[in-house]
Amino acid sequence: MTTERPWLASYPDGVPADYSFPQVPFTRLLDDAAAAFPVRPALRYEGRVVTYRELLATVDRVAGSLRELGVERGDRVAVVLPNCPQHVIALFAVARLGAITVHCNPQGTASELAAQLLDTQPKVVIVLDRALDTIHAAEPERDAASVVVCSLPDYYPRTAALRLRMPLPKARARRNRLTAEVPRGHRDFVSLSRRGQPARQVEVDPATDVALLQFTGGTTGTPKPAMLSHANLVANAYQTRLWLPDATTGRETTLGVLPLFHVFGLTLCLLTTVLLAGELVLLPRFDLDLVFAAIDRDRPTLFPGVPPIYRAILDSPTLRRHDLKSLHACISGAMKLPVAVQERFERVTGAALVEGYGTTETSPATHANPLNGKRKRGTVGLPLPGTDARIVALDDPARLLDIGEAGELAVRGPQVFRGYWNCPDETSVDADGWLLTGDIATMDADGYFTIVDRKKDLIIAGGFNIYPAELESVLSDLDGVADCCVVGLPDRYRGETVKAFVVRRDGAALTEQDVLDHCAHHLSAYKVPKSVEFRSALPHNAVGKALRRALVAEEMERRESS
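Given the structure is predicted, the values throughout are model-derived calculations rather than measurements.

Engineer: Now, about the pattern of salt bridges: what can you tell me, with residues and values included?
Structural biologist: Within the structure shown, the criterion is met by 31 salt bridges. Linking Arg96 and Asp60 is a salt bridge whose minimum nitrogen-to-oxygen distance equals 2.9 Å. Of this pair, Arg96 sits in helix 3 (residues 85-96) while Asp60 sits in helix 2 (residues 52-68); the two residues are 36 residues apart in sequence, bridging distant segments of the chain. Classification of Arg96 as buried rests on a relative accessible area of 4%. Put simply, Asp395 and Arg399 hold a salt bridge, and the shortest N to O gap is 3.7 Å. Using a relative accessible area of 65% as the deciding quantity, one classes Asp395 as exposed.

The structure is reproduced here in structure tokens:
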């Protein structure tokens, strides 16, 4: 069954029924913010403040320097950086030239980076100094002159260096440079940002020109580079902004904990904030002390995050020492938000914490519960403005399912990607623009969607469908469980069997029988795990989602060696 936008009545007041998003390079967001609010802080990092005027000028100089290195429209530039001002500058500078950013995890292994760089063939690599050896191991033949090295303290104020007792090298002391020399032959980001001749925006076709190659999360398979156009990114920033009805241009402050090299952090933290001409408080990594200090000092109003971050804040023994009342809107994504975490976080902060949904292929957001108006806990809410969504049969995408039936979620909208790089036959987008997300979901009569699980994660044991997310939700409610992941493993008799991996909370004395008894109390017998393994930690991707494929691979290797 399909309906004609049944969710429109639930949209926040003021959101129009018809949507037309600007067809512009995503650099226009920065240009407009700098024109309207030149002295407004754009970035705050370790006490250093960068205004919109300063950010724009630095972006243009770095773009000019990259042009001198031979970067042209359509070329790829790999950005291998954590959250830092250089990351933001590089993104806009690459786009200024009509080139394509290749987002890479700075904590990736040499083999992971080697595969990504081989696939995308970047002309220049911009890398954190701590990850330089990994780049050399990944691409031993790369010319050092095409490697630009950044250091986090380059954007520390001098007082921060003194606080951290960081020595000033004599060769750099006159320039207030807080880090050691860049290795011989490599480029220095500081020099690029000071010496480049400002570059103007290269003409691009926003609808078709790729701005970003964003690797998928790889939780169930090998990561693939999704091609996101300028129009994709701009549209999703506007869609998210429309979902923030109380946000005021030029007055919002976003806490940037999510990694910018992940599309969730890129759009929700950076691009939406720049569209609002807001201030982005950048944290180089998730650390509770850093988070609490930033909230106390900078009083953020917007806080995009993932459930483990919100849970860690609530579980902190120092929570009562901090005032979180500045927070107004928090959007959670990447994994299911436990209702208990949502309710408690809202009580503690007074902020609205809502669950949303999206994929790398959709830039990423497609759904969210309204911040104002009717919310349905446990659902991912309604399609964002300009987005269509429907449920189709798992075995036949042309067959639409009735309300309440579980099937594959399909979405259509201006944020849907242009396919995978070098993989023209793997887009999963049909001729009418519908993208099959790979997620199993349901839609209720009000147009609210609930994610059941990943299609690839579905476990079929003895003919029964078992959804790992359901089991993980039950396990998360067991006192003493800090983290968990459920996988399906090959079984001679049942086809697949269920195994649960559990991380105990500090001091907890959980046993396997405790876990099995809890599951048996809340689940049908065929869903109860057949085995439980306790671990000190689980493998996760950049935003904290457990890597099922890694756990399954470990189990299969263990079986083969036994």
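What follows continues from the structure just given.
Engineer: How would you sum up the sheet that holds strand 7 (residues 187-188)? Please name residues and give values.
Structural biologist: To summarise the sheet geometry, strands pair through backbone hydrogen bonds and adopt either a parallel or an antiparallel arrangement. Strand order in the open sheet formed by seven strands is 7-6-5-3-4-8-9, and the pairing between neighbours is mixed. Every other strand in the sheet has two partners, leaving strand 7 and strand 9 (225-229) as the edge strands with one partner each. Direction of pairing for strand 3 (residues 76-80) relative to strand 5 (residues 124-128): parallel, over a ladder of four bridges. If you follow Val80 over to strand 5, its bridge partner there is Val127.

Engineer: Report on the pairing of strand 13 (residues 352-358), specifying residues and quantitative values.
Structural biologist: In terms of residue burial, strand 13 counts as a mostly covered element, since six of its seven residues are buried. Bridge count for strand 12 (residues 329-332) against strand 13 is four bridges, and the pairing is parallel. Note that in strand 13 the partner of Ser332 across the bridge is Glu355. Tracing the backbone out of strand 12, into helix 13 (residues 339-349) and back to the parallel element strand 13 gives a crossover that is right-handed. Looking at chain direction, strand 13 and strand 14 (residues 365-368) are connected through three bridges and run antiparallel. Counted as the bridge partner of Gly356 is Ala368 from strand 14. A loop of six residues connects strand 13 with strand 14, the two strands running antiparallel in sequence, and Ser363 in this loop sits at a positive phi of about 70°.

Engineer: Tell me about the sheet that holds strand 24 (residues 495-504), and name the residues and values.
Structural biologist: Reading across from one edge, 23-24-25 is the order of the three strands in this open sheet, with mixed pairing throughout. Bordering the open sheet on either side are strand 23 (481-491) and strand 25 (531-535), each of which pairs with just one other strand. For this sheet, the mean inter-axis angle between neighbouring strands, taken without regard to orientation, is 25°. In terms of strand pairing, strand 23 meets strand 24 through 10 bridges, oriented antiparallel. Each residue of the ladder has a partner; that of Cys484, found in strand 24, is Val502. Helix 16 (residues 548-561) rests against strand 23, strand 24 and strand 25 of the sheet, and its axis sits at about 55° to strand 23.

Engineer: Just give me the short version of the side chain of Thr362, but keep the residues and values in it.
Structural biologist: The topology assignment puts Thr362 in the loop between strand 13 and strand 14. If we skip the residues at most four places from it in the chain, Thr362 touches Asn236, Val411, Gln415, Val416 and Leu435.

Engineer: Can you lay out the packing of helix 2 against helix 3 for me, pointing to particular residues and giving the numbers?
Structural biologist: Look at helix 2 against helix 3: their axes get within 8 Å of each other, and the N-to-C directions meet at 60°. Considered as vectors, helix 2 and helix 3 are oriented oblique to each other. Judged by the twist between their axes, the crossing of helix 2 over helix 3 is right-handed. Taking contact as the criterion, the partners of Leu55, Leu56, Thr58, Val59, Asp60, Val62, Ala63 and Leu66 in helix 2 are, on helix 3, Val88, Ile89, Phe92, Ala93, Val94 and Arg96. Per-class residue counts for the contact of helix 2 with helix 3 are 11 nonpolar, one polar and two charged.

Engineer: Describe the pairing of strand 11 (residues 279-282), and please don't skip the residues or the numbers.
Structural biologist: In strand 11, alternate side chains face the same way, and those of Glu279 and Val281 on one face and Leu280 and Leu282 on the other are all buried. Across two bridges, the pairing between strand 1 (residues 41-45) and strand 11 is parallel. Within strand 11, the position partnered with Arg44 by the bridge is Val281. Taken together, the four bridges between strand 10 (residues 253-256) and strand 11 define a ladder with parallel strand orientation. Each residue of the ladder has a partner; that of Gly256, found in strand 11, is Leu282. Traced from strand 10 through helix 10 (residues 263-275) to strand 11, the parallel crossover comes out right-handed.

Thresholds, definitions, all that
- Residues numbered from 1 in each chain as written.
- Predicted model: local features only at pLDDT ≥ 70, side-chain atom pairs only at ≥ 80, totals over all residues.
- Heavy atoms only, no water.
- Salt bridge = Lys/Arg side-chain N within 4 Å of Asp/Glu carboxyl O.
- Helix = DSSP H or I, 4+ residues; strand = E, 2+ residues; numbered from the N terminus.
- Buried < 20%, exposed > 50% of the residue type's maximum accessible area, 1.4 Å probe, protein only.
- Pairing = 2+ DSSP bridges.
- Right-handed = clockwise from strand over helix to strand, strands pointing away.
- Axes fitted to C-alpha atoms, helices over the stretch in contact; angles between N-to-C directions.
- Contact = heavy atoms within 4.5 Å.
- Parallel < 35°, antiparallel > 145°, perpendicular 65-115°, else oblique.
- Left-handed = near helix turned anticlockwise from the far one by under 90°.
- Nonpolar A, V, L, I, M, F, W, Y, C, P; charged D, E, K, R; others polar.

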